[in-house]
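Take a look at the letters that make up each chain.
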Number of protein chains: 2
Amino acid sequence: MPRKIEKDAALEHALTLFWDHGYRGTSMDMLTSTLGVEKPSIYASFGSKQALYLAALAQYRSWLIGWVQRSLRDAPSARAGIDRTVRLMMARSSRKSRKGCFATNSALELADHDPLVLKEVRTTFAQLVAVFVTAVQAAQADGDVRSDRAPQLLAQLLVNAIEGARIMEKSRAVNGHGAAMADLILCLLDRH
Amino acid sequence: MPRKIEKDAALEHALTLFWDHGYRGTSMDMLTSTLGVEKPSIYASFGSKQALYLAALAQYRSWLIGWVQRSLRDAPSARAGIDRTVRLMMARSSRKSRKGCFATNSALELADHDPLVLKEVRTTFAQLVAVFVTAVQAAQADGDVRSDRAPQLLAQLLVNAIEGARIMEKSRAVNGHGAAMADLILCLLDRH
DNA sequence: ATACTTCTATACCGGTCGGTACATCACACT
DNA sequence: AGTGTGATGTACCGACCGGTATAGAAGTAT
């Protein structure tokens, strides 16, 4: 059934499954039982397991970028949006669970051996950095963020810290320093 | 052949293989051909694929902690050791390849579903933070690191930044900001 | 009602997985 | 030389993998 709405719903379920168990840890049988669709229908709609995975990864990217853009915008100032977003993404229990970042999971499991996954992951991180670059530039124009460093550098630093935090969160190694670490990182944006 | 020296060499080869391809991506056939030992010998020495993986993970932990301890110590001061170590671990091409951190790989691939792996990964990160805590405390005593923040927080921040950088490095998303980011992070340690 | 078309689901394919039974072989001791 | 012992490698096991051929069900036009 190639109706787009059902395809999107199936993609979301597939994303959840791949997110939890990885690519190799998710079998077609798990997919059929979770999506409620049998294998031939999946192959008719997506072509292969890898194509389904790539589609789920692309959906994750658009969801993530959209979420971050909205979070950055819904604030009284560019700097306030940055602070709010970084705190939310670095805080331990803010996400629905400690699943980490799906793009990171994909990068570690497959990027070394699958050029398509590598390309998609690079795009995801590039867009994520780009969104933060825009916000940092606006905050710099407002005088709320130091201007002696390139916005690209500061944005990359924020993304770095966020991804690092989501790793540590997954290993339950963070004791509760999440919020304090976010505050400290954000101090780096202050004018000296 | 249960001689320890050969077991250690086999473990190192297994570690390389698991590091490159992950747990599920490494088959017993790959292990036998790389270790130069047939399957029954592997099972006689380690018991199972999972046990072999855990042993490799433990060897990685001792290697990593030892390396960091040595790097922190081989410097004229505690602060200099911290700077040197963080710069080395965050710099893109310093590692032999962009394989990332094996503990992180394990955490993302298996920690959610294998409590033994989770425990080992938690221990690894806890020891890594502990090593940095010791260094930060010494540097604080020297007056080379701000004392208005807990050493645990600062150490966790450093490990966070390092792990984040090693993720981004794997996706080739960092453009060359690695060294600049390390410098910026290290500024956070300065007395205000 | 019947013939035709379209989507679904069962059943199966070759290949590979982790793990093991067993035959073989090298070697020490008498 | 003969015999016992322990490690090695081959050959195989059932289970499961991703993917597909094909039978069956549901709906529509006539």
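See the structure above.
Parameters at a glance
- Residues numbered from 1 in each chain as written.
- Chains lettered and ligands numbered in written order.
- Predicted model: local features only at pLDDT ≥ 70, side-chain atom pairs only at ≥ 80, totals over all residues.
- Heavy atoms only, no water.
- Helix = DSSP H or I, 4+ residues; strand = E, 2+ residues; numbered from the N terminus.
- Contact = heavy atoms within 4.5 Å.
- Lys, Arg positive; Asp, Glu negative; His and termini not counted.
- Charge placed at Lys NZ, Arg CZ, Asp CG, Glu CD.
- Least-squares fit on C-alpha atoms with pLDDT ≥ 70 in both.
- Buried area = accessible area lost by both parts, 1.4 Å probe.
- Salt bridge = Lys/Arg side-chain N within 4 Å of Asp/Glu carboxyl O.
- Polar contact = N/O pair within 3.5 Å; in protein donor to acceptor, adjacent residues only side chain to side chain.
- Nonpolar A, V, L, I, M, F, W, Y, C, P; charged D, E, K, R; others polar.
- Phe/Tyr/Trp six-rings, centres within 6.5 Å; stacked < 30°, edge-to-face > 60°.
- Expected span 1.5 Å × (residues − 1).
- Buried < 20%, exposed > 50% of the residue type's maximum accessible area, 1.4 Å probe, protein only.
- Axes fitted to C-alpha atoms, helices over the stretch in contact; angles between N-to-C directions.
- Parallel < 35°, antiparallel > 145°, perpendicular 65-115°, else oblique.

Draft legend 1. Highlighting the overall build of chain A. Each helix and strand counted, chain A has nine helices and zero strands in total. Mapped in sequence order, the helices and strands of chain A form the string α-α-α-α-α-α-α-α-α. Counting only C-alpha atoms, chain A reaches 60 × 35 × 30 Å along its principal axes. When contacts within chain A are restricted to residue pairs at least 6 apart in sequence, long-range pairs at least 24 apart make up 68% of them. Charged side chains in chain A number 25 positive and 19 negative. The centres of these two groups are separated by 0 Å.

Draft legend 2. Local environment of the relation of the copies chain B and chain A. Mapping chain B onto chain A calls for a rotation angle of 180° and an axial translation of 0.0 Å; the resulting RMSD is 0.0 Å. The operation mapping one copy onto its partner corresponds to a two-fold rotation axis. Identified as the residue of chain B closest to the rotation axis by C-alpha distance is Gly164 of chain B, at 1.8 Å. A shared interface surface links the copies, since 100% of the contact residues of chain B are contact residues in chain A too.

Draft legend 3. Quick peek at the interface of chain B and chain A. Between chain B and chain A, the contact holds 41 residues from the first and 41 residues from the second. When residues of chain B are sorted by the area they lose upon contact with chain A, Leu108, Asn160 and Leu184 of chain B head the list and together hold 17% of the total. At the boundary of chain B and chain A, one finds zero salt bridges. Where chain B packs against chain A, one counts two residue pairs in polar contact (both at pLDDT 80 or more). Tallied by class, residues from the side of chain B that touches chain A come to 21 nonpolar, 11 polar and nine charged.

Draft legend 4. Expanded view of the packing of aromatic side chains. In the structure shown here, the tally under the stated rule is 16 aromatic pairs over all chains. Seen from their ring centres, Tyr60 of chain B and Phe102 of chain B are 5.6 Å apart, and the 75° between their planes marks the pair as edge-to-face. Taken together, the positions of Tyr60 of chain B in helix α4 (residues 49–73) and Phe102 of chain B in helix α6 (residues 102–110) put the pair 42 residues apart, joining distant regions of the chain. A connected cluster of aromatic rings, assembled from ring pairs, spans Phe18, Trp19, Tyr23, Tyr53, Tyr60, Trp63 and Phe102 of chain A.

Draft legend 5. Spotlight on helix α5 (residues 78–90) of chain B. The terminal C-alpha atoms of α5 of chain B, which comprises 13 residues, lie 18 Å apart, in line with the 18 Å expected from a rise of 1.5 Å per residue. Every buried residue of α5 of chain B is listed here: Ala78, Arg79, Gly81, Ile82, Asp83, Thr85, Val86, Met89 and Met90 of chain B. Its buried side turned inward, α5 of chain B meets α8 (151–170) of chain A together with α4, α7 (115–142), α8 (151–170) and α9 (178–187) of chain B.

Draft legend 6. Region of the structure containing the packing of helix α4 (residues 49–73) of chain A against helix α5 (residues 78–90) of chain A. All names here are of chain A. Remark: α4 packs on α5, axes separated minimally by 8 Å, with the N-to-C direction vectors making an angle of 135°. Looking at the two axes, α4 sits oblique to α5. On α5, the residues touching Leu64, Trp67, Val68, Ser71 and Leu72 of α4 are Gly81, Ile82, Arg84, Thr85, Leu88 and Met89. Broken down by class, the residue content of the contact of α4 with α5 amounts to seven nonpolar, three polar and one charged.

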